[in-house]
Every structure is written in structure tokens, then in C-alpha cells.
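Below, each chain spelled out in residue letters.
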Amino acid sequence: MASNIVAESDDEQKSSTYEDRDREDSSQSLSDTGDDLSDSESDSDEEQGASAVKQEPCRYYNSGKCKYGKKCKYLHVCKYHFKGKCKKGSDCPRRHSAASQSDSSSDEDDRGGRRTASPTETHDKPYQWQLNSGESWRDIANDHVLEAQYSLPGARGIKIYNTIYGAIVIDFNKMRIHKKKIRVQRKSFDDCGQETEWLWYYHGNNGWIEYGQKDSKGSATSLKSCDIEKEYQKKPKNFPKFTAGQTQYEINFKEMQQINLASGHKRRVVRRPKFTALQVKTGKTNLTSSSQQQHVSPGGTKPVWQFEGDSGKWYEFKYRFATDTESSVSSKEIEAKYQANPAGSMTFKAGKYQYMLNFSDMTQTNLASNKIRRIQRTMV
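Not measured: the values here are computed from a predicted model.

Enquirer: How should the environment of Arg271 be read in this particular structure?
Expert: Among the structural elements, Arg271 can be located in strand 15 (residues 266-273). In this structure the C-alpha to C-alpha distance between Arg271 and Trp198, which are 73 residues apart in sequence, comes to 6.6 Å. A distance of 2.9 Å separates the side chain of Arg271 from the side chain of Glu229, its partner in a polar contact.

Enquirer: I would appreciate a short explanation of helix 6 (residues 225-234) in the present structure.
Expert: Along an α-helix, a turn takes 3.6 residues, which lines up residues three or four apart on a common side. Every buried residue of helix 6 is listed here: Ser225, Ile228, Glu229 and Tyr232. Buried residues in helix 6, looked at end-on, bunch into an arc of 100°, giving them a common side. Helix 6 presents Lys230 and Lys234 as exposed residues on the side facing more than 90 degrees away from its buried surface.

Enquirer: Please clarify how the confidence of the model for the protein should be interpreted in this entry.
Expert: The predicted coordinates ought not to be read in detail in places where the model reports low pLDDT. This prediction gives the protein a mean pLDDT of 74; 69% of its residues lie at or above 70. Taking the mean pLDDT of every element in the protein, the minimum, 32, falls on helix 7 (residues 287-295) and the maximum, 97, on strand 14 (residues 257-260). Contacts for the low-pLDDT stretch residues 11-51, under 50 throughout, to residues beyond four places or in other chains number 95 contacts. This model gives residues 114-120 a pLDDT under 50, and the stretch forms 16 contacts once residues within four places in sequence are excluded.

Enquirer: Teacher, can you tell me more about the environment of Phe172 here?
Expert: In this structure, Phe172 sits in the loop between strand 7 (166-171) and strand 8 (176-177). Between the alpha carbons of Phe172 and Gln149 there is a distance of 9.7 Å; along the sequence they are 23 residues apart. Apart from residues no more than four positions distant in its own chain, Phe172 is found in contact with Trp129, Leu146, Gln149, Tyr150, Ala155, Arg156, Gly157, Ile158 and Arg272.

Enquirer: Would you take a moment to explain the pattern of salt bridges for this structure?
Expert: Pairs can form between side chains of opposite charge whenever their charged atoms are close. Under the counting rule described, the total for this entry stands at eleven salt bridges. Of the charged contacts, one joins Arg377 and Glu335 as a salt bridge, the two residues approaching to 2.9 Å between their closest N and O atoms. Linking Arg377 in strand 21 (residues 372-379) with Glu335 in helix 8 (residues 331-340), this pair joins segments that are 42 residues apart in sequence. The class for Glu335 is buried, based on a relative accessible area of 9%.

Enquirer: Would you mind going over the sheet that holds strand 18 (residues 345-350) with me for this structure?
Expert: Spatial ordering of the open sheet is given by 17-16-21-20-19-18, a layout of six strands whose pairing is antiparallel. Each edge of the sheet is formed by a strand with only one pairing partner; in this case those strands are strand 17 (314-316) and strand 18. Averaged over all neighbouring strand pairs, the angle between strand axes comes to 30°, with direction disregarded. Relative to strand 19 (residues 353-358), strand 18 runs antiparallel, the two being bridged by six bridges. Bridge pairing in strand 19 links Lys349 to Gln354.

Enquirer: What is the right way to look at the sheet that holds strand 5 (residues 138-139) in this model?
Expert: Pairing within the open sheet is antiparallel, and its three strands lie in the order 5-4-9. Each edge of the open sheet is held by one strand with a lone partner, namely strand 5 and strand 9 (183-188).

Enquirer: Help me understand the nonpolar core in this model?
Expert: What tends to happen in soluble globular proteins is that the nonpolar side chains get buried as a cluster. With 21 residues, the main nonpolar core has Trp129, Leu131, Leu146, Ile168, Ile170 and Phe172 as its most contacted residues. For this core, the elements supplying multiple residues, two or more each, are strand 4 (127-132), helix 5 (144-150), strand 6 (155-163) and strand 7.

Enquirer: Is there a simple way to explain the packing of aromatic side chains in this structure?
Expert: The description of two aromatic rings rests on the distance between their centres and on the angle between their planes. Inspection of the entire model under this criterion finds 16 aromatic pairs. Their ring planes at 15° and their centres at 5.4 Å tell us that Phe242 and Tyr249 sit as a pair that is stacked. When the ring of Trp305 is compared with that of Tyr338, the centres are 5.2 Å apart and the planes differ by 65°; the resulting orientation is edge-to-face. Taken together, the residues Trp305 in strand 16 (residues 303-308) and Tyr338 in helix 8 connect sequence positions 33 residues apart. Exposure class is identical for Trp305 and Tyr338. Each is buried. Clustering of aromatic rings is evident, with ring pairs tying together Phe307, Tyr315, Phe317, Phe348 and Tyr355. Note that Arg94 overlies the ring of Tyr61, its terminal NZ or CZ placed 5.7 Å from the centroid. Above the ring of Tyr127, the side-chain terminus of Lys125 is found at 5.5 Å from the ring centroid.

Cut-offs and rules
By convention here, each chain's residues receive numbers from 1 onward along its written sequence. Restriction of local features to residues with pLDDT of at least 70 applies here, the model being predicted, together with a cutoff of 80 or more for giving and counting side-chain atom pairs; totals for whole chains, interfaces and linings are based on all residues. Based on all heavy atoms of the structure, the side-chain values leave hydrogens and waters out of the count. Under the DSSP-based scheme used, a helix requires at least four consecutive residues in state H or I and a strand at least two consecutive residues in state E, with every element numbered from the N terminus. Polar contacts, as used here, are pairs of N or O atoms within 3.5 Å; protein pairs need one atom able to donate a hydrogen and one able to accept it. Residues neighboring in sequence count only if both atoms are side-chain atoms. Throughout, exposure labels follow a simple rule: accessible area from a 1.4 Å probe, protein chains only, divided by the maximum for the residue type, with under 20% read as buried, over 50% as exposed, and the rest as partly exposed. What the arc describes is the spread of directions from the helix axis to the C-beta atoms. What pLDDT reports is the predictor's confidence in each residue, on a scale of 0 through 100. Contacts are assigned to residue pairs with any non-hydrogen atoms lying within 4.5 Å of each other. Throughout this description, the term salt bridge denotes a Lys or Arg side-chain nitrogen within 4 Å of a carboxyl oxygen of Asp or Glu. In this description, strands pair whenever DSSP reports at least two bridges between them. In this analysis an axis means a line fitted to C-alpha atoms, helices contributing only their contacting stretch, and an angle means the value between N-to-C directions, from 0 to 180 degrees. Among buried residues, the Ala, Val, Leu, Ile, Met, Phe, Trp, Tyr and Cys ones that are joined through side-chain atoms within 4.5 Å form a nonpolar core. We call Phe, Tyr and Trp rings a pair once their centres come within 6.5 Å, taking the six-membered ring for Trp, and we label the pair stacked below 30 degrees between planes, edge-to-face above 60, and tilted otherwise. Remark: a charge is flagged as sitting over a ring if the NZ atom of Lys or the CZ atom of Arg is within 6 Å of the ring centre and within 35 degrees of the ring normal.

This is the structure:
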């Protein structure tokens, strides 16, 4: 599904409770409406639960709510594939095999739940963003742009235009679609040779800081992102403790807060994936051509490149003539370089200093001092 994207940053958000509770990579669920159940067998036949499996698809399995699971007497297969006309192929969430209900498949699959990736299916990246209005999960095209925005700790959401459901707003903090009965999920895969690396951030006085990195005063926390992730995976109800300087803190995973144990002061915490740009390929995952279609919106929306200042605010890359911070590149020129190679980098000058932009990890580095700032690509 082609889509145009507008990002919403944390700077637009005033005070609210931070609720990033994604224990796993998938989203919180909304209600599932299911398919129409009026075109198949009677309720009384289904409720008998006979032992012999009849050679026709179970309509309750296809609607996502068969209560008999492996004991159902009807086939738990895709009704469209059974008739020889399923258009979704390997992306179909229902079985395409008419094997016995007593095989090794999970109960969730037998009852019509979300099917996990087949062991024989391979993927070119460790994630896939999907939408579901109650029928099946559908991939969001060019979701590397969505993933890049989600990886920024200050991004609270994103707006996508021209999906099959129209314009939608994804709330990253709650992992849900604003004001629509559509579910969203970030599905993860481990068969592409690359696992998702999760990073942890707290909101400091001058913006978001990754755990283990130095703040503006040169102080760093005793725990790094990888340490916190291990604790989170072991037991999300834990309260891992750490120090920064002479002060002791703890993290409340449930509330996603950092607490100063001496003063009781709380700060927001987020868990976000480390974004790794994909290699440009031909065919299905040609990011250059597909991103060119997605990034230039026919509705007047355009991509803008920004860097994070010392105050935590974001500023657009612009020419600045006759000043100490005169820049040699504009946002438009950066976009052209990004379109040519989303996994590449470029250099530019501002005043007397030379910098490098790295699109893979979305950073700007001062080549003289090695100071690193975050950059982002948003739509305005």
C-alpha cells in the first residue's frame, strides 16, 4: 500500500503519562470485526464438534474465532485458497495446507489467531509494519521510513496518507491508530540474519539521552541500553537500579519512568529500536525507487531534514550566509543524497567546521571535535 508520511515529534506533546508498554514488538490490539458469517454451514453443524474432519473450510476459522481449534470437524484452511483464488499468497494469515487438524500447529493458529511466519519464509529486514481492520494483516509499503521515525525517542507518532484505510495517525506510545478501529503492529523476524537492537532513553534537561551515554555535564549512567534490555526481557515487572554520578535511580518498566531515589523526581523513559538502513536492492525491496514514490507527496507535503540543537529543539538545514554557522547544504540537497542512497552518508561545512551526515544511524558528526548530534527526516 502506497503511503505518504508526516511525523509528529515529542516537542509537539505537552504533559502526558508515557505508556510505552510493548512487551514484545507487536502492538496492543483493538477489536476484530471478522468476516460475514452468513454464506456457509449452519450454527448447529459447527456446534456438534464431530470427530471426522469435513472437506470444506471452517467459516469461523476464516473469521478468526473458531472455538474448537484442533477438534473442529471442518478444515482450518483459507476459504479462498480452498477455491483456488487467494490473492494474498504467502502473505495470507490463514493456512494454505489442508493437513489434519492434529498436526503440530499452534492452538492460536487453529482457532484463527494471527499466524507467525512460516519457517520456510525469509525476510529482507527484521521488521514489518502492518495494519489490520479485522480481516487480515496487511503490510505497510516502504515502512523503513516509518521505522526510522519510530526509532527516534522523541517521536510520539506519525501520520500516513493514502493507505487503503485512508489517512491514519499511529500513536507510537500506545501502539494504536487514533480514532479508528484499525490495529497496528511492528512484526519482527529473525530469519534475515539481523536482529533488532533495542535502545533505552531517558528525557534529560536538554532532550533524550541514551542510557550509558554522557549527558551535557559529562555524566553517564552505570547501566547501558543492553543491560536494561536484558532486565526487561527477564522480567518487565523488575525495577533495575543504577547510578549516575553520586545519585541512585531505578526504572519502572510498567510506567516507563526513571525515578531519583533521593528526591523522588521522575523522568520519562522510552524503548526504541536502533534503526539500520537497508541495502538498496532490485525487485521487491528496491528502496530507492519505492521511497522516491513515497517521499514526494502529490498533496504538497515535502520532506525536511533537521538537526537537534543543544536545547533539544529541532532546526532545519538551511543556507546561512555571512554568519559563523553558514551551512553549505540545504534540506533539499540532503534529501537528494538520501534518495540516491538511504544507507549512505555525506559531508558539508558550517562556518569553519566540516561535518558528516550518516543516514544509517541518523547522526551528524563534527569531524574536528567528534561531537555527535541527532538528525531527523520529517514531512511538512
